[in-house]
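Listed here are the chains, written in short residue letters.
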Amino acid sequence: MILKVGTRGSRLSLVQTELVVESIRQQNPGLAIDRAIITTAGDVDQRTPLFSLDQKGIFEKEIDQAVLDGRVDFAVHSMKDIPIFEKNSLLVIASVPERGSVADVLVSKGDTLLKDLKKGSKIGTSSLLRVAQLRRLRHDLDPKPIRGNVETRIRKVDSGEFDAVVLAEAGLARLEITGRISEKLPIEDFMPAPGQGALAVVARSDNLKVIDMLRSIEHPSTRAEIEAEGELVRVLEGGCKVPVGALARADGDQIRIVACIFSIDGKEKLLADRTGPVQDGIVLAREVGEELIEKGAKRIEESWRTVYV
């Protein structure tokens, strides 16, 4: 049997896809898997800040269409690239492999720590969540939109275009370039985006034979975490234009869900969390989202949309 996987052409996408493919092969000896590189809207437009783009799923829509059309059997996405508050009944996240690091890291000129960066230093990030958290900790820094893959962003630091960039540790780990990390940023100061560090393996919902094969690399704890984080996003109706931080952690039969939302200047931070049985993760996430709404999340969301829509 030969399967075909769809992926973006960036080095990180190719590495992540190969990690998934190798895991599937280990569980299904003799299986052949070919790779199809597909260009997405996010690959074509490398200049517009991500939070300024109106369309959703800019890094996965074309690849998912190839799955729907039968040109590929499945696809591998970074979980946080998927608009997880919207579901397509024709597609299914067939498998969720074990999650990588959820942390953000700083890559800076001269390995300068965040606290030691000079006033006015330009910090590259494509995430409004990271902008808000940077403003909260260092209001004297200058966060700027940045595009390009991980290596491109690091080169922009090396060239002096930016003094530092904030990136996901999982990406650098998968690319085996953790030596470029200047500082691992603490979770309490830099809450990750929903789905950060996780991968989604997507297939057609009616392709049961392929789904069954992909489930051989399923990691139940990670699945529970990303489903809880996805439910939280749906409750808050958040997205790339509203800085919602969320982290669910499953440990044995328990799961803890922490979430926060920030004002534009980073000064106001709404926080909520719940802990309970892992099978109640969706319910707990809904309660966390509802608590944030009671504390004023909708007011903060509207202020962000007024500026960035």
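Residues numbered from 1 in each chain as written. Predicted model: local features only at pLDDT ≥ 70, side-chain atom pairs only at ≥ 80, totals over all residues. Heavy atoms only, no water.

Enquirer: Explain the pairing of strand 11 (residues 244-251) residue by residue, including any values.
Expert: Taking burial as the measure, the 8 residues of strand 11 include 6 buried ones, the bulk of the element. Note: strand 11 against strand 12 (residues 254-262), 8 bridges, orientation antiparallel. By the bridge assignment for strand 12, V244 is matched with I261. Counted along the chain from strand 11 to the antiparallel partner strand 12, the turn is 2 residues long, and its residue G252 has a positive phi close to 65°. (Buried < 20%, exposed > 50% of the residue type's maximum accessible area, 1.4 Å probe, protein only. Helix = DSSP H or I, 4+ residues; strand = E, 2+ residues; numbered from the N terminus. Pairing = 2+ DSSP bridges.)

Enquirer: Quick rundown of the pattern of salt bridges? Include the residues and the values.
Expert: A complete count under the given rule lists 23 salt bridges for this structure. Its salt-bridge partner being E18, residue R25 comes within 3.6 Å of it at the nearest N-O pair. Under the relative-accessibility criterion, E18 is labelled partly exposed at 38%. A salt bridge links R130 to D104, with the shortest nitrogen-to-oxygen separation between them at 2.8 Å. (Salt bridge = Lys/Arg side-chain N within 4 Å of Asp/Glu carboxyl O.)

Enquirer: Please give an account of the packing of helix 8 (residues 220-236) against helix 9 (residues 281-295) that cites residues and values.
Expert: Two numbers describe how helix 8 lies on helix 9: the axes approach to 8 Å, and their chain directions differ by 35°. Seen along the crossing, helix 8 lies across helix 9 with a hand that is right-handed. In this structure, helix 8 uses E227, A228, E231, L232, V235 and L236 to contact helix 9, whose residues at the interface are G281, I282, A285, R286, V288, G289, E290, L292 and I293. (Axes fitted to C-alpha atoms, helices over the stretch in contact; angles between N-to-C directions. Left-handed = near helix turned anticlockwise from the far one by under 90°. Contact = heavy atoms within 4.5 Å.)

Enquirer: Can you break down helix 3 (residues 61-69) residue by residue, with the values?
Expert: All of the buried residues in helix 3 are I63, D64, A66, V67 and L68. Looking at the buried positions of helix 3, the neighbouring elements they touch are strand 1 (2-7), strand 3 (74-78), strand 4 (91-95) and strand 10 (199-204). Of the residues one or two after helix 3, G70 is the one with positive phi, at around 85°.

Enquirer: Hey, could you go over the environment of L292 for me, with residue numbers and the actual values?
Expert: For L292, the position within the fold is in helix 9. On the accessibility criterion, L292 (0% relative accessible area) is buried. Distance in space between the C-alpha atoms of L292 and A259 is 8.2 Å, their sequence separation being 33 residues. Other than its neighbours up to four places away in sequence, L292 contacts L236, A259, C260, L270, L271, A272 and A297.

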